[in-house]
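Working through the structure, step by step
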Amino acid sequence: MATIGFIGLGNMGGPMAANLVKAGHTVKGFDLVEASREAAKADGVTIAASAVEAVKGADVVVTMLPAGKHVRAVWTEIVPQVAKGALLIDCSTVDVESARAAHALAAKAGLKSVDAPVSGGVGGAKGATLTFMCGGSNEAFAAAKPILEKMGKRIVHCGDNGAGQAAKICNNMILGISMIGVSEAFALAEKLGLSHQALFDVSSTASGQCWSLTSYCPVPGPVPASPANNGYKPGFATALMLKDLRLSQEAAKAAGAATPLGEHAEQIYAAFEAAGHGGDDFSGIINHVRDLATKK
Ligand code: NAD
């Protein structure tokens, strides 16, 4: 069993670290927030006095932080303290450039590293059912896989350094756009006198079928487990969807890709957030779509 340093014990990192403890690993963790440290301690994580203390003597280091600037800062601090031969895994969702900068820090110190952002949300983190999208060398991926398998059920090697982050933002751009598409279809159906169930029964088995419709339907009724049945409590908050769409737009600009629907989707979720709905599940965007009609 490995000794694992875990930095960032928030909504995702807390339960992920707890699953590593359950799997029999020794986990030394650190977070800036006391409540997160206390919750992790109750789950069997040994709390260290700092990020540097948490990684000393670790075979594997996992970071689960808010954004690229946090990952760059923390990796700059910890990499010089990490033991030779250890593996660094960043599971945060960050820009591709920061992911590659973090890999470069590790490489310079002779350490293996993997970018491994996740999909599956807090439920997936608690249930150890996350999907990990990984970027890094074959050797680093092979070392990371048995650790990630204790926190998730699908571990995909997407390519070289930064490929995990690239896969994550491309996937979430599809998701953000498709949720607006499904919401527009339901809003139009309402105006046309077509019931939610009738549209669902047709489209869920026809060419309009997609995850946003069949697994995460934005109207209550057809998919009982979707946040629409629970007042749009997240799930996956609008603020996080907006973060990912912004990352996809930054990447599109930097790479010279045209993503006009991705750009429009970012604007639509930004307006929803500015109206005070950043904490709502992103499928609540249907309410914003309905409001647009009344403003016409
Ligand atoms: P969170 O804000 O709950 O947790 C982040 C934690 O990092 C916080 O507890 C914060 O105190 C800690 N932190 C920040 N700087 C630190 C530092 N220098 N040293 C130690 N700790 C530090 O966020 P989260 O929901 O757990 O998300 C983490 C990452 O996972 C983000 O990149 C997010 O985009 C991604 N993600 C989140 C979800 C989700 O549903 N919440 C889903 C997929 C991916």
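Nothing here was measured: the structure is a model prediction, and the numbers come from that model. (Residues numbered from 1 in each chain as written. Predicted model: local features only at pLDDT ≥ 70, side-chain atom pairs only at ≥ 80, totals over all residues. Heavy atoms only, no water.)

The next subject is the site of the ligand. In the region of the ligand, 22 residues are neighbours, and Asn 11, Met 12, Asp 31, Leu 65 and Lys 243 sit closest. Met 12 places a polar main-chain atom, nitrogen or oxygen, 2.8 Å from an oxygen atom of the ligand. In this structure, an oxygen atom belonging to the ligand sits 2.9 Å away from a main-chain N or O atom of Leu 65. In the complex, 85% of the free accessible area of the ligand, which totals 830 Å², lies under the protein chains. (Near = heavy atom within 4 Å. Polar contact = N/O pair within 3.5 Å; in protein donor to acceptor, adjacent residues only side chain to side chain. Areas by Shrake-Rupley, 256 points an atom, 1.4 Å probe, with all protein chains shown as cover.)

Among the nonpolar cores identified, the biggest contains 31 residues, and Phe 6, Met 16, Ile 89, Cys 91, Phe 132 and Leu 148 are the most heavily contacted of them. Of all the secondary-structure elements, those providing two or more residues to this core are β1 (3–7), α1 (13–22), β4 (60–63), β5 (87–90), β8 (130–135) and α7 (138–148). Per-element accounting of this core gives the leading share, five residues, to α7. Not counting chain neighbours up to four residues away, the residues in contact with Phe 6 comprise Gly 13, Met 16, Ala 17, Leu 20, Val 27, Lys 28, Gly 29, Phe 30, Val 62, Met 64 and Met 151. In terms of nonpolar packing, the next biggest core, distinct from the first, is built from 22 residues, Ala 51, Ala 54, Val 61 and Trp 75 among them. (Core = buried A, V, L, I, M, F, W, Y, C linked by side-chain atoms within 4.5 Å. Buried < 20%, exposed > 50% of the residue type's maximum accessible area, 1.4 Å probe, protein only. Helix = DSSP H or I, 4+ residues; strand = E, 2+ residues; numbered from the N terminus. Contact = heavy atoms within 4.5 Å.)

A few words on the environment of Leu 199. Along the chain, Leu 199 falls in helix α9 (residues 196–203). According to the relative accessible area criterion, Leu 199 is buried, its value standing at 14%. Separated by 13 residues in the primary sequence, Leu 199 and Phe 186 have C-alpha atoms spaced 7.5 Å apart.

Before going further, it helps to examine the pairing of strand β6 (residues 112–115). Bridge count for β5 against β6 is four bridges, and the pairing is parallel. For Leu 88, the partnering residue across the bridge sits in β6 and is Ser 113. The parallel pair β5 and β6, bridged by helix α5 (residues 96–108), forms a crossover whose chirality is right-handed. (Pairing = 2+ DSSP bridges. Right-handed = clockwise from strand over helix to strand, strands pointing away.)

Bringing the domain arrangement of the chain into the picture now. Under the domain assignment used here, the chain contains domain 1 (3–161) and domain 2 (166–294). Here the C-alpha centre of domain 2 lies 29 Å away from the C-alpha centre of domain 1. The interface of domain 1 with domain 2 comprises 11 residues on the first partner and eight residues on the second. For the domain 1 and domain 2 pair, buried surface summed over both sides reaches about 710 Å², with 68% attributable to carbon and sulfur atoms. Three residues, Thr 93, Val 96 and Met 133, lead the burial of domain 1 against domain 2; their summed loss comes to 51% of the area buried on that side. Summed over the shared surface of domain 1 and domain 2, the number is zero salt bridges. Where domain 1 packs against domain 2, one counts three residue pairs in polar contact (both at pLDDT 80 or more). When grouped by side-chain class, the residues that make up the side of domain 1 that touches domain 2 number eight nonpolar, two polar and one charged. (Domains from an automatic or database assignment. Buried area = accessible area lost by both parts, 1.4 Å probe. Salt bridge = Lys/Arg side-chain N within 4 Å of Asp/Glu carboxyl O. Nonpolar A, V, L, I, M, F, W, Y, C, P; charged D, E, K, R; others polar.)

Our next topic: the packing of helix α8 (residues 163–192) against helix α11 (residues 238–255). Between α8 and α11, the least distance of the axes is 9 Å, while the angle of their chain directions is 120°. One way to sum up the angle between α8 and α11 is to call them oblique. Crossing of α8 against α11: the hand is left-handed. Across from Lys 168, Ile 169, Asn 172, Met 173, Leu 175 and Gly 176 in α8, the residues of α11 making contact are Met 241, Asp 244, Leu 245, Leu 247, Ser 248, Gln 249 and Ala 251. Along the lines of polarity and charge, the residues of the contact of α8 with α11 split into seven nonpolar, four polar and two charged. (Axes fitted to C-alpha atoms, helices over the stretch in contact; angles between N-to-C directions. Parallel < 35°, antiparallel > 145°, perpendicular 65-115°, else oblique. Left-handed = near helix turned anticlockwise from the far one by under 90°.)

Our focus in this paragraph is α8. Over its 30 residues, α8 extends 44 Å from the first C-alpha to the last, a length consistent with the 44 Å expected when each residue adds 1.5 Å. Positive phi appears at Gly 193, one or two residues downstream of α8, with a value of about 80°. (Expected span 1.5 Å × (residues − 1).)

In this section: the pairing of β8. In terms of burial, β8 is a largely internal element, six of the six residues being buried. Neither face of β8 is left uncovered, since the one carrying Leu 130, Phe 132 and Cys 134 and the one carrying Thr 131, Met 133 and Gly 135 both have all their residues buried. Sheet topology places β8 next to strand β9 (residues 152–159); six bridges connect them, and they run parallel. Bridge pairing in β9 places Phe 132 opposite Ile 155.

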